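# Overview (structure and organization)
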Amino acid sequence: GDSLTSAQIGEFKFGFSICYDLRFPEVFTALSKECQVLVTIANWPAKRVTHWRTLLQARAIENQCYMIGVNRTGVDGNGQEYERSSAIVNANGDFSKPIKTEGEMDIYEITMEELLNFRKGFSTLPDRKPGLYRNLI
């Protein structure tokens, strides 16, 4: 694509990305200016699931937001295997645990209060200097 997309859902503003975008932190930095929750829909195979989890965690920590990673499961038409690895990571980099599981679907709860309390206790967002970074690229 050639644009970033976001939507207000309840009290949160969500920013959206797909698969390979996860390897480009600047996409998430841009989205996090207005969004508290960043979502990536993906097809990360089991052989790279460590990258998937590490990058989800990194994007959550560096942007002090919730990071939701939705990954496929099973085996695709090319025999590529995908393991159950969808996750929610909080601003501290902790993987959330589901509050309920129904079949193959996990249900999570995120709260604005948790996010704002974390940011209040350790906020790096005001220290960003995008003008400096722009000159480096």
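Note that the structure is predicted; figures quoted are calculated from it, not measured.

What follows is about the overall build of the protein. A tally of regular secondary structure across the protein gives 4 helices and 9 strands. For the protein, the sequential pattern of α-helices and β-strands runs β-β-α-β-α-β-β-β-β-β-β-α-α. In terms of overall size, the protein behaves like a compact globule, its C-alpha atoms giving a radius of gyration of 16 Å where 137 residues would be expected to give roughly 14 Å. Expressed as lengths along the three principal axes of its C-alpha atoms, the size of the protein is roughly 45 × 35 × 25 Å. Counting over 137 residues, the protein shows a buried share of 34%. Once local pairs closer than 6 in sequence are excluded, the contacts in the protein between residues at least 24 apart make up 53%. Separation between the mean location of the 16 positive side-chain charges and that of the 17 negative ones in the protein comes to 5 Å.

Read across the sheet, 5 strands follow the order β1-β2-β3-β4-β7 without closing on themselves; strand pairing throughout is mixed. Each of the sheet's edge strands pairs with one partner strand only, and the pair in question is β1 (5-9) and β7 (87-89). Within this sheet the neighbouring strands show an average axis-to-axis angle of 20°, counted without direction. Relative to strand β4 (residues 66-71), strand β3 (residues 37-42) is paired through 6 bridges, and the arrangement is parallel.

For helix α1 (residues 25-32), every residue scored as buried is listed here: Val27, Phe28, Leu31 and Ser32. Each buried residue of α1 sits inside an arc of 125° when the element is viewed along its axis, so together they form one side. Check the buried side of α1 and you find it contacts β1, β2 (12-18), β3, α2 (49-63) and β4.

Bringing the packing of aromatic side chains into the picture now. Applying the stated rule across the entire model yields 5 aromatic pairs. On the basis of an interplanar angle of 80° and a centroid distance of 6.3 Å, the ring pair of Phe12 and Phe14 is categorised as edge-to-face. Residues Phe12 and Phe14 agree in their burial class; the two are buried. Ring geometry for Phe14 and Phe16: centres 6.4 Å apart, planes at 10°, overall stacked. You can call Phe16 partly exposed: its relative accessible area is 31%. Arg72 extends its terminal NZ or CZ atom over the ring of Tyr82, reaching a point 4.5 Å from the ring centre.

Attention now goes to the nonpolar core. Membership of the largest hydrophobic core comes to 17 residues, with the highest contact counts inside it found for Leu22, Phe28, Leu38, Trp44, Trp52, Leu56 and Met67. Of all elements in the fold, only α1, β3, α2 and β7 reach the threshold of two or more residues within this core. Broken down by element, the residue count for this core peaks at 5 residues, all from α2. The contacts of Leu56, once residues within four sequence positions are left out, are Leu22, Met67, Ile68, Gly69, Ala87 and Val89. By size, the runner-up hydrophobic cluster in this structure holds 11 residues, among which are Phe12, Phe14, Tyr66 and Ile68.

Attention shifts here to unusual backbone geometry. The phi torsion at Gln64 lies on the positive side, around 45°, for a residue other than glycine. For Gln64, the position within the fold is in the loop between α2 and β4. Note on Gln64: relative accessible area 1%, which makes it buried.

Cut-offs used in this document
Residues numbered from 1 in each chain as written. Predicted model: local features only at pLDDT ≥ 70, side-chain atom pairs only at ≥ 80, totals over all residues. Heavy atoms only, no water. Helix = DSSP H or I, 4+ residues; strand = E, 2+ residues; numbered from the N terminus. Rg over C-alpha atoms; globule rule 2.2 N^0.38 Å. Buried < 20%, exposed > 50% of the residue type's maximum accessible area, 1.4 Å probe, protein only. Contact = heavy atoms within 4.5 Å. Lys, Arg positive; Asp, Glu negative; His and termini not counted. Charge placed at Lys NZ, Arg CZ, Asp CG, Glu CD. Pairing = 2+ DSSP bridges. Axes fitted to C-alpha atoms, helices over the stretch in contact; angles between N-to-C directions. Arc of directions from axis to C-beta. Phe/Tyr/Trp six-rings, centres within 6.5 Å; stacked < 30°, edge-to-face > 60°. Lys NZ or Arg CZ within 6 Å of the ring centre and 35° of its normal. Core = buried A, V, L, I, M, F, W, Y, C linked by side-chain atoms within 4.5 Å.

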